[in-house]
Amino acid sequence: MEDPTEQSLWRPLHDLLARLDGEIGQIYTDREIKGLKPTYVRELLQLHLKGPMTITELADAIGRTHSALSQKVSAMRTAGLVRTVPGADARSKQVTLTAKSKKLVELLAAEWRATEAALAELEAELPYPMSQVVRDVEEALAMKSFHDRIMDKLEKLK
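The following paragraphs examine the structure supplied in this document. (Residues numbered from 1 in each chain as written. Predicted model: local features only at pLDDT ≥ 70, side-chain atom pairs only at ≥ 80, totals over all residues. Heavy atoms only, no water.)

## Notes on the sheet that holds strand β3 (residues 93-97)
Consideration 1: Spatial strand order, β1-β3-β2: 3 strands in an open sheet with antiparallel pairing. The open sheet terminates on both sides in strands that have one partner only, identified here as β1 (53-54) and β2 (82-86).
Consideration 2: As paired elements, β1 and β3 share 2 bridges and run antiparallel to each other. Across the sheet, residue T54 finds its bridge partner in β3, namely Q94. (Pairing = 2+ DSSP bridges. Helix = DSSP H or I, 4+ residues; strand = E, 2+ residues; numbered from the N terminus.)

## Notes on the environment of V133
Consideration 1: Checked against the element boundaries, V133 lands in helix α6 (residues 130-143).
Consideration 2: Judged by relative accessible area, which is 36%, V133 ranks as partly exposed.
Consideration 3: In sequence terms V133 and S67 are 66 residues apart; their C-alpha atoms lie 29 Å from each other. (Buried < 20%, exposed > 50% of the residue type's maximum accessible area, 1.4 Å probe, protein only.)

## Some thoughts on the packing of helix α3 (residues 55-62) against helix α4 (residues 66-78)
Consideration 1: Closest axis-to-axis distance for the α3/α4 pair is 9 Å, and the angle between their directions is 110 degrees. With respect to α4, the axis of α3 lies roughly perpendicular. When you trace α3 past α4, the crossing you get is right-handed. Residues I55, T56, L58, A59 and I62 of α3 form the contact with α4, whose own contacting residues are H66, L69, S70 and V73.
Consideration 2: Looking at the contact of α3 with α4, its residues break down into 6 nonpolar, 3 polar and no charged. (Axes fitted to C-alpha atoms, helices over the stretch in contact; angles between N-to-C directions. Parallel < 35°, antiparallel > 145°, perpendicular 65-115°, else oblique. Left-handed = near helix turned anticlockwise from the far one by under 90°. Contact = heavy atoms within 4.5 Å. Nonpolar A, V, L, I, M, F, W, Y, C, P; charged D, E, K, R; others polar.)

As structure tokens, then:
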């Protein structure tokens, strides 16, 4: 069997996103901020702006699953960025910012704005903006889901 992973239309996109995240992460390293990852910033800003939330509320606020947010909250707790306390009932946990992350929120908001400005600058240099690519892909997937597309290809392999 040939290695099917040798060919990948997505690898360049994943590599690009990882590179961009790495360069954002370098900003935190330059400022000697330990444990902060670019993928935590949105959640930390939401907690700062909206106050303590349950994992479910935070997941809903950013459009992710409870399971995914539970794992991320655990990692952010390990990094000392959030803490969890029992919620209104025994099944829920409230997520709150720590003193460490409260000191960072102004920097995180500034970094978010600077990142968006840098992306806008980058898009202006491209013949076809990345944000337009995303809108076009979403439109195509609204007509036929990715799941259905994959299933069609698998059916043809039978």
